[in-house]
Amino acid sequence: MAQKISDFRKLSKKFLRNGTAILGIALLSFFIVIAIFAPFIAGENGDNPYQIPRVSWSSKPIAPTAEHPFGVIGGRDIFYGVIWGTRTAFQLGLIIASCAAVIGILIGSVSAYFGGWVDEVLMRIVDIFMSIPFLVAAIILTTILGKGLDKVMMALIVFGWMSTARLIRGNILQAREEQYVLAAKALGQKNFIIIVKHIIPNTIFPVVVQMSMRIGSYVITAAGLSFLGIGAEPGYADWGTILSYSRNWMTMLDQSWFAIVFPGTAMVLFVLAWNLVGDALRDIFDPRLRN
Amino acid sequence: MQNNTLLKVNNLVKYFPVKAGVFRKTIAQVKAVDDVSFEVKKGETVGLVGESGCGKTTAGMSILRLYEPTAGQIILDGKDTSYYFLSRRKAKKFLKKQYTEKFEKMKQKYSSEDQVIKNLNDEFNKQAAKDYFENPHKFIEKMMDMRIKGRSEFRRKAQMIFQDPYSSLNPRHRVKTIVGEGAKINELVENKDELKAMIEDILKKVGLSVDHMSRFPHEFSGGQRQRIGIARALILKPELIVCDEAVSALDVSIQAQILNLLNSLQKEFNLTFLFIAHDLAVVKHISDRVAVMYLGKIVEYTTKDQLFEKPLHPYTVALMSAIPNPDPENKSHRIILEGDVPSPINPPSGCPFHPRCPIAKDVCSKEVPQFKEIEEGHKVACLFPGKLKR
């Protein structure tokens, strides 16, 4: 135990000396704080807080004012959308990434563990899913399922688990052949413990790192679908939805820049935060990279 | 003699099935180890040599049951351990085939129980037959009872040192976790302090220091890693250690260090080594006796001195002629073998070495040579032993 504590101290020290890791953590905490305190920062819109309040019936963009600090587009308050959109972004990213990871880990490890024709069948299914371009597949599926953020999530989960499955399968196949697994067997270790102590630690961390990095990219993809008008319903507090309002004003950026800049900045920083955190996690999980 | 033998391997066979097609039908067998028998005495080092792919590593792994052997008997310290790692059903089947059916058949053939015992060539099986005829049911029952308890005992007594010092240590575990794992599993210690003392002790014995305990494997050199591997095996105080090419991944000066370490540990702990290697110089340095393998079979088995002085099997003679001679004046005559090692999926008929043998006659392709004692303690599987001269 004492060892673990001193380890933790050593790690956190190194972590604190690593500038990019701190930036990542700081950004991420910033977003978490915003998400938690959204009602206090931007107020709450009646019984449906995820609906951006309508402040004007004109579709013309209104430049930032003291009352609407990020401006108004399509009659919606952008500030409210960006702040509450943080919650949406976390929901989207975490739910999609964790569901995709669970499915991927399940399929990948079943495939690696049983081998033979089970492996063959599952990997061909993976190939089929991978052969369809991700965005096209997601667009088609959301079109079929209908509008709404939950449908977007479903579509992204359905087409997002394959790389995790491949990653974990390859890792398990590789780890299984390592001599330290044979050595543990020769020492008399039980199969279950070998899986828990030797195979999982050497296979799961890359998946966790990959998952954290993909949280950001899922949010971008979901925003892309919303921008195209097949994502969240109009008026939903989601960064992509705000962007979709600016579609008609693209040629008049001098009048509508704020509708792109504020949600866009939020997205870029959100993705950056998860990528930096992913990098930091990789450094923590791999003892070989710790020096 | 029985008491002096630590490991006895009788007719060990390991086939790997080759599967193909949608239904994964077995279309062929890779005969990696095909009917190998030898014994290792307590405290000695037996070298197992042969070129790559001849099945020496598979033999070592099968003995330790890291691969489940296809057939054969592995007797460690006077106990048949062959069925220990089989499932209950398979173990029963094995015992029935190995003992019940064999003894009953022999009893019919020789008509008396004493004759059966007399005609068994092996001390262990003689005793087994005696016990069996006394009370067949109880004999099998007793063997089955020993199965689970025997497993951990076997794991404690027989250990392995691996070839690759890089992949044989879990990169995410610290040295103390790696070395202490065996002690924990086999409950050799009662508490953490005892475990720590034990690990410290064993690290010192293999030439590492106590402050290496909390480091990770990647912080060590190849030679040091191999020492960690040795410590991991040694903490169980095993009797038999199978060294699978334990020094071939190291450079020559480190090889010497590790070999000397193994030698001194052998004296200190009275260890028995089965040393698998392809480097004849290494084998000459460390072994007391040497078994030469070719295509899954042992072709020659004798003392080191006899093997290097007077090899009898043509394959061994050819191997010996390949040892580099450091004296430039003394030009040695090399015997170059023609062709490649045949596929173990489809080994040649008769003597497996005949397609490459310089002295092969017609009969060699028809008759399988028996592995028999030609001189005192010198077993060879060849129809014309000693005919090929250097």
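K.L.:
What is the right way to read the interface of chain B and chain A from this model?
P.N.:
Contacts between the two partners involve 29 residues from chain B and, on the opposite side, 27 residues from chain A. Interface area, chain B with chain A, both sides summed: about 2,600 Å², of which 53% is carbon and sulfur. Scanning the region where chain B abuts chain A turns up 14 residue pairs in polar contact (both at pLDDT 80 or more). Within the residue set of the side of chain B that touches chain A, elements represented by two or more residues are β6 (158-161) and α6 (175-185) of chain B. Ranked by the residues each element gives to the side of chain B that touches chain A, the list is headed by α6(B), at four residues. Per-class residue counts for the side of chain B that touches chain A are 10 nonpolar, 10 polar and nine charged.

K.L.:
Looking at this model, I keep getting lost on the side chain of Thr86(A). Mind explaining?
P.N.:
Residue and element names in this part refer to chain A. With respect to the helices and strands, the residue Thr86 is situated in helix α4 (residues 78-114). By relative accessible area, which is 2% here, Thr86 ends up buried. A polar contact of 3.1 Å, which involves the side chain of Thr86, links it to the backbone oxygen of Val82. Once you skip the residues sitting within four places of it in the chain, Thr86 turns out to touch Phe31, Ile34, Ala35 and Trp239.

K.L.:
How should unusual backbone geometry be read in this particular structure?
P.N.:
Trans is the prevailing form of peptide bonds, just as negative phi is the prevailing case for residues other than glycine. Residues and elements named next belong to chain B. The backbone of Asp35 sits at a positive phi, close to 65°, despite the residue not being glycine. In this fold, Asp35 is placed in strand β2 (residues 25-41). Assessed through its relative accessible area of 40%, Asp35 is described here as partly exposed. Residues other than glycine seldom take positive phi values, yet Arg65 does so here, at roughly 60°. Here Arg65 lies in the loop between α1 (56-63) and β4 (71-76).

K.L.:
Sorry, what's going on with the packing of α4(A) against helix α7 (residues 149-158) of chain A here?
P.N.:
Between two packed helices, what matters for the description is the angle formed by their axes and the separation of those axes. Residue and element names in this part refer to chain A. For the pair α4 and α7, the least separation of the axes is 9 Å and the interaxial angle reads 35°. Of the two possible hands of crossing, α4 and α7 adopt the one that is right-handed. Only Leu149, Met153, Leu156 and Ile157 of α7 make contact with α4, whose side of the interface consists of Thr88, Gln91, Leu92, Ile95, Ile96, Cys99, Ala100 and Ile103.

Rules behind the numbers
Residues numbered from 1 in each chain as written. Chains lettered and ligands numbered in written order. Predicted model: local features only at pLDDT ≥ 70, side-chain atom pairs only at ≥ 80, totals over all residues. Heavy atoms only, no water. Contact = heavy atoms within 4.5 Å. Buried area = accessible area lost by both parts, 1.4 Å probe. Polar contact = N/O pair within 3.5 Å; in protein donor to acceptor, adjacent residues only side chain to side chain. Helix = DSSP H or I, 4+ residues; strand = E, 2+ residues; numbered from the N terminus. Nonpolar A, V, L, I, M, F, W, Y, C, P; charged D, E, K, R; others polar. Buried < 20%, exposed > 50% of the residue type's maximum accessible area, 1.4 Å probe, protein only. Axes fitted to C-alpha atoms, helices over the stretch in contact; angles between N-to-C directions. Left-handed = near helix turned anticlockwise from the far one by under 90°.

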